[in-house]
Amino acid sequence: NAPNPFGAETMIRVDLPQPRHVELTIYDIQGRSVATILDEEMIAGTHEVAWDGRGGGGEPLASGIYFCILRTEGYRQAIRMMLAH
């Protein structure tokens, strides 16, 4: 993701070699799911998804470390992000 750390927004890049169902979920440092920012079928290629540091209900989240987990069929990747207000 870039920028990292971020304040208002960060962009998360997803590169897909073939069409896939993609899920991007944000977790807090305690491992609790705080937002799902993507859960859909996507075509092959490079995609950028914005996250504004808000939880699933639209509430601003506290500054701190969050993890973005990318899941597709047969693949999982985690990235560490720092939200700094």
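All figures in this text were calculated on a predicted structure; none of them were measured in a lab.

A. Broad picture of the pairing of strand 5 (residues 64-72). In terms of strand pairing, strand 2 (residues 20-28) meets strand 5 through six bridges, oriented antiparallel. Paired with T25 across the two strands is I69, which belongs to strand 5. Looking at chain direction, strand 5 and strand 6 (residues 75-83) are connected through nine bridges and run antiparallel. Bridge pairing in strand 6 links Y66 to M81. Here strand 5 folds back onto strand 6 in antiparallel fashion, the turn holding two residues, of which G74 has a positive phi close to 75 degrees.

B. A look at the packing of aromatic side chains. This model, assessed by the stated rule, comprises two aromatic pairs. Their ring planes at 70 degrees and their centres at 5.9 Å tell us that W51 and Y66 sit as a pair that is edge-to-face. Of the two residues, W51 sits in strand 4 (residues 45-51) while Y66 sits in strand 5, which places them 15 residues apart along the sequence. Side by side, W51 and Y66 carry an identical accessibility label, which is buried. An aromatic cluster of at least three residues, connected via ring pairs, comprises F6, W51 and Y66.

Each value, and the rule that gives it
- Counting from 1, residues in each chain are numbered in the order their sequence is written.
- Under the rules for a predicted model, residues below a pLDDT of 70 receive no local features and side-chain atom pairs below 80 are neither given nor counted, while totals for whole chains, interfaces and linings still include all residues.
- Side-chain figures throughout are based on the complete set of non-hydrogen atoms in the structure, without hydrogens or water.
- By definition, two strands form a pair when at least two bridges between them are found by DSSP.
- We count a stretch as a helix when DSSP gives it H or I for four or more residues in a row; a strand needs E for two or more, and each element gets its number in order from the N terminus.
- Pairing of aromatic side chains here covers Phe, Tyr and the six-membered ring of Trp, requires ring centres within 6.5 Å, and sorts the geometry by plane angle: under 30 degrees stacked, over 60 edge-to-face, intermediate tilted.
- Using a 1.4 Å probe on the protein chains alone, a residue whose accessible area is under 20% of its type maximum counts as buried, one over 50% counts as exposed, and one in between counts as partly exposed.

Keep in mind these values describe shape, not function.
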